[in-house]
Amino acid sequence: MNIAAVIVTHNRCQKLQHTLAATLAQPFSAVIVVDNASTDGTRAWLAGQHDPRLHLILSEKNSGGAGGFAQGMTAALSYDPDWLVCYDDDAYPAPDALQQLAALDLSNTDSAAAAVYYPDGRICEMNRPSYNPFWHPRKLWQTALGLITGRARAAFHLDHAAYAQNTPVTIDSSSFVGYFVRADWVRRCGVPDAALFIYGDDILYTLSLRKQGARHAFLPTVRFIHDCSTFKSTRRGYHPMWKAYYTYRNGLLIYRLAAGIWYYPVALLKALLWLAAVRHYQHKRRYLRLWRQAVGDGLRRNLRRDPATIIRDYPDDAPTAR
């Protein structure tokens, strides 16, 4: 299979070194690394890498994960691959990932998600694929009940048993860690919207392709490792605060695509829950201003705010302890 890898990095040179070594050890036809204006020596290190399959995009500004993948996927198409695979600088394919991929019958698959694990072998929860409950009445009912029992997430995400299977499992959405997509679908539907900056660009993209008819599958035998830190903080809220803006704004875009006729009730519920989170912040007026901008921009589908301004206006707030 002719597969081009797309890796987005920003100020994680040490992890990128391991990721790139694991990537180049496998028979990818091209490896595109998008450096999002790193300042930690990443570019100097990349300049010393000479594998002929390696192609660098050195961005003059940090365009976030969404902008990085948009640039990288566009560039990857110029190398005429059959498939693209996307992942972050702290993730990498297991040594047999492409071998396992080649053993599968993907004739009925247009895009796919690898099984993502932490380095210690546990399933990486943040990369667990999911269904859109609004497209599956039974899962919608289970999700609604889960809001009462505290198990809403489990109702529409793949369970542990799916990871033990040997054949692909149909899904609706997944992350950009170990995300495989046929190049023809990228040419047909475009790349992720760079204006999303961070958060939700992967869910929006996979749901959008699924809605347009793409057959999306989970590949339990194709493993990726995500060397990210598990969440151990005892603080509530977003750290720094500006991350809440993109979670809320982009979240409303996801709900608009996913929820259909349920969009406005869901959007109202989520907006009220986000409003209630003000209690976790010291600078409450600042948070309320962020909430108004994020919800307003999400409802209006306004993606024009400059990320540099958002980052400047909503710095770290030191959320309160639980």
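Bear in mind the structure is a predicted one, so any value in this text is a computation, not a measurement.

Enquirer: Tell me about the layout of surface pockets, and name the residues and values.
Expert: Estimated volume of the second largest pocket: approximately 250 Å³. As for the second largest pocket, its lining consists of K61, N62, S63, A194, A195, F197, L303, R305, D306, P307, A308 and I311. Its residues assigned to classes, the lining of the second largest pocket comprises seven nonpolar, two polar and three charged.

Enquirer: An account of the pairing of strand 4 (residues 83-88) is requested, with residue identities and associated values reported.
Expert: Within strand 4, five of the six residues are buried, leaving the element largely enclosed by the surrounding structure. Examined bridge by bridge, strand 1 (residues 3-9) and strand 4 share six bridges and lie parallel to one another. Within the sheet, the bridge partner assigned to V8 lies in strand 4 and is D88. Alignment of strand 4 against strand 8 (residues 179-182), held across four bridges, turns out to be antiparallel. From the neighbouring strand, L84 faces strand 8, where its bridge partner is V181.

Enquirer: Lay out the side chain of N250 with the relevant residues and their values.
Expert: Note that N250 resides in helix 10 (residues 242-259). Only 2.7 Å separates the side chain of N250 from the backbone oxygen of Y199, close enough to count as a polar contact. Other than its neighbours up to four places away in sequence, N250 contacts L196, I198, Y199 and L204.

Enquirer: Tell me about the environment of P93, residues and numbers included.
Expert: Along the polypeptide, P93 turns up in strand 5 (residues 91-93). It is 9.5 Å that separates the C-alpha atoms of P93 and V177, two residues lying 84 residues apart in sequence. With residues up to four places along the chain from it excluded, the contact list for P93 reads A22, T23, Q26, F28, Y87, R223 and F224.

Enquirer: Mind laying out the pattern of salt bridges, listing which residues take part and the relevant values?
Expert: In total, this model carries 15 salt bridges according to the counting rule given. For R43, the salt bridge is made with D35, and the minimal N-O distance between the two is 2.5 Å. One salt bridge in this structure joins E125 and R153, with 3.3 Å as the shortest N-O distance. A residue pair is termed long-range when its members are at least 10 positions apart, and E125 in the loop between strand 6 (111-117) and helix 5 (137-149) and R153 in helix 6 (residues 152-156) qualify at 28 residues. The exposure class assigned to E125 is partly exposed, which follows from its relative accessible area of 32%. For R153, a relative accessible area of 36% gives the class partly exposed. When salt bridges that share partners are traced, they join R12, D89 and D90 into one network.

Enquirer: If you had to explain unusual backbone geometry to someone new, which residues and values would you point to?
Expert: Residue P240 follows H239 across a cis peptide bond; omega there is 0 degrees. Here P240 lies in the loop between strand 9 (216-226) and helix 10. Notably, A37 is not glycine yet its phi reads approximately 55 degrees, a positive angle. Residue position: A37 is located in the loop between strand 2 (30-36) and helix 2 (42-47). Within the chain, D80 stands out as a residue other than glycine whose phi angle is a positive 55 degrees. Inspection of the secondary structure assignment puts D80 in the loop between helix 3 (64-77) and strand 4.

Calculation criteria
- Residues numbered from 1 in each chain as written.
- Predicted model: local features only at pLDDT ≥ 70, side-chain atom pairs only at ≥ 80, totals over all residues.
- Heavy atoms only, no water.
- 1 Å grid on protein atoms, 1.4 Å probe; cavity = no way out; pocket = protein on both sides within 12 Å on 5 of 7 lines; lining within 4 Å.
- Points joined across faces, edges and corners; volume = space filled by probe spheres on them.
- Nonpolar A, V, L, I, M, F, W, Y, C, P; charged D, E, K, R; others polar.
- Buried < 20%, exposed > 50% of the residue type's maximum accessible area, 1.4 Å probe, protein only.
- Helix = DSSP H or I, 4+ residues; strand = E, 2+ residues; numbered from the N terminus.
- Pairing = 2+ DSSP bridges.
- Polar contact = N/O pair within 3.5 Å; in protein donor to acceptor, adjacent residues only side chain to side chain.
- Contact = heavy atoms within 4.5 Å.
- Salt bridge = Lys/Arg side-chain N within 4 Å of Asp/Glu carboxyl O.

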